[in-house]
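Below are the chains, spelled out letter by letter.
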Amino acid sequence: MAHLLRLDSSARPDGSVSRAITGAFADAWSSVAGTSVTWRNLHNDSVPHLPHADLHCAPPLRPTGATISHRVEEFQLELVGELIGADVLLVGAPLYNYTLPSTLKAWLDHVHVLGMTAPFLELDTQPLAGRPAIVVSARGATYDDDAGPADHARPVLDAVLGGAMGMELTYIGADATLADLVPAMAPLKERAESERAAALATAAELGERLAREAVAAEGAAARGDGTS
Ligand SMILES: Cc1cc2nc3c(=O)[nH]c(=O)nc-3n(C[C@H](O)[C@H](O)[C@H](O)COP(=O)(O)O)c2cc1C
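Cut-off values and rules
- Residues numbered from 1 in each chain as written.
- Predicted model: local features only at pLDDT ≥ 70, side-chain atom pairs only at ≥ 80, totals over all residues.
- Heavy atoms only, no water.
- Helix = DSSP H or I, 4+ residues; strand = E, 2+ residues; numbered from the N terminus.
- Rg over C-alpha atoms; globule rule 2.2 N^0.38 Å.
- 1 Å grid on protein atoms, 1.4 Å probe; cavity = no way out; pocket = protein on both sides within 12 Å on 5 of 7 lines; lining within 4 Å.
- Points joined across faces, edges and corners; volume = space filled by probe spheres on them.
- Near = heavy atom within 4 Å.
- Polar contact = N/O pair within 3.5 Å; in protein donor to acceptor, adjacent residues only side chain to side chain.
- Areas by Shrake-Rupley, 256 points an atom, 1.4 Å probe, with all protein chains shown as cover.
- Nonpolar A, V, L, I, M, F, W, Y, C, P; charged D, E, K, R; others polar.
- Buried < 20%, exposed > 50% of the residue type's maximum accessible area, 1.4 Å probe, protein only.
- Pairing = 2+ DSSP bridges.
- Right-handed = clockwise from strand over helix to strand, strands pointing away.
- Axes fitted to C-alpha atoms, helices over the stretch in contact; angles between N-to-C directions.
- Contact = heavy atoms within 4.5 Å.

*Asks:* Hey, could you go over the overall build of the protein chain for me, with residue numbers and the actual values?
*Replies:* A tally of regular secondary structure across the protein chain gives 5 helices and 5 strands. The linear arrangement of helices and strands in the protein chain, starting from the amino end, is β-α-β-α-β-α-β-α-β-α. Taking 17 Å as the expected radius of gyration for a compact globule of 228 residues, we find that the protein chain reaches 19 Å, a close match to that expectation. Here the C-alpha coordinates of the protein chain stretch approximately 60 × 45 × 30 Å along the principal axes.

As structure tokens, then:
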């Protein structure tokens, strides 16, 4: 099976823009035969804060005498296993206080492990290198003006998923999502609607295309002929 790991982190029970877009991607992925999906809603079913700093390193890199409970380590390995087992990662990342929702950050803290998912010293391992990661950003305001406040979520995702883990990032985004709610943003309503519609269409197209590619790659690997 070609496998998708879908993460959502919006705190909105209804009307989430990021979740609508990840949903369009996941529906398109699932429409292709031979695919499967693991879906984690990190807001409803949150990952705890990283319980011990030593979990940032693979066991051989940990200081001697480090004591980490078996249960905590098993949970981290479950999250890492879910990520490594996915052909494509899909991340819903609303912008909260100019950065990632804390629920998504807690997941990232668990899966960015030196010497396990990212190379470090003698443990030159990068099992996710080249794997697609689709990040769906939804931002209440607009970020066209370099002089205004910055989006600090993207640099973190670029550095961790892209730089450290070597994944190939694609961003799909919709801005000005608060235009419907904030009277002063009314002039941005049309832009918000068109960005959202474009993002939904892009997500559906990309979801189906990446699913077909992943299924074809699996078929080729099973035949051992390198063709699809
Ligand atoms: C706690 C919180 C903090 C937010 N901070 C920002 C922010 O810093 N910049 C911004 O443009 N929008 C901010 N927003 C608005 C959200 O980015 C916007 O509503 C977006 O659509 C959220 O994604 P969702 O629709 O998937 O829930 C914030 C919203 C919440 C709930």
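*Asks:* Explain empty space enclosed by the protein residue by residue, including any values.
*Replies:* Scanning all chains against the criterion turns up 1 cavity of 30 Å³ or more. A volume near 40 Å³ is recorded for the largest cavity. Taken together, A93, L95, S137, D151, A153, R154 and L157 make up the full set of residues lining the largest cavity. It is helix α4 (residues 153-164) that provides the largest number of residues to the lining of the largest cavity, a total of 3 residues.

*Asks:* Go over the site of the ligand with me, naming the residues and quoting the values.
*Replies:* Taken together, 17 residues sit near the ligand, with S10, S16, S18, Y143 and T177 positioned nearest. Note that an oxygen atom of the ligand is positioned 2.8 Å from one of the backbone N or O atoms of V17. Separating an oxygen atom of the ligand from a backbone N or O atom of L95 is a distance of 2.7 Å. Relative to its unbound accessible area of 630 Å², the ligand is 78% covered by the protein chains. Residue classes in the shell around the ligand are distributed as 9 nonpolar, 6 polar and 2 charged.

*Asks:* So what's going on with the layout of surface pockets? Which residues, and what values?
*Replies:* Each pocket or cavity is described by its volume, and for the largest pocket that value is around 290 Å³. L95, Y96, A138, G140 and T177 are the residues nearest the centre of the largest pocket, which is lined by 18 residues in total. Looking at side-chain class alone, the lining of the largest pocket contains 10 nonpolar, 6 polar and 2 charged residues. By volume, the second largest pocket amounts to about 190 Å³. Lining the second largest pocket are 14 residues, with V17, T177, D180, A192 and R196 positioned closest to its centre.

*Asks:* Go over the pairing of strand β1 (residues 2-8), please, and point to the residues and values.
*Replies:* A large share of β1 lies buried, amounting to 7 of its 7 residues. Going residue by residue along β1, you find A2, L4, R6 and D8 tucked away on one face and H3, L5 and L7 tucked away on the opposite face as well. Pairing analysis gives 7 bridges linking β1 to strand β2 (residues 35-41), with the strands arranged parallel. Following the sheet pairing, H3 is matched in β2 by S36. The β-α-β motif built from β1, the intervening helix α1 (residues 17-30) and the parallel element β2 has right-handed crossover chirality. Where β1 meets strand β3 (residues 88-94), 4 bridges bridge the pair, whose relative direction is parallel.

*Asks:* Now, about the sheet that holds strand β4 (residues 132-138): what can you tell me, with residues and values included?
*Replies:* Ordered in space as β2-β1-β3-β4-β5, the 5 strands form an open sheet in which the pairing is parallel. The open sheet has two edge strands, β2 and β5 (168-174), and neither has a second partner. Shown here is a sheet whose adjacent strand axes are inclined to one another by a mean of 15°, direction ignored. As paired strands, β3 and β4 are joined by 6 bridges and run parallel to one another. Directly across from L90, in β4, lies its bridge partner I134. Here helix α3 (residues 102-111) sits on the sheet and contacts β1 and β3; the angle it forms with β3, its principal contact strand, is near 145°. In the packing of helix α5 (residues 189-223) onto the sheet, the strands contacted are β1, β2, β3, β4 and β5, and the crossing angle to β5 comes to about 155°.

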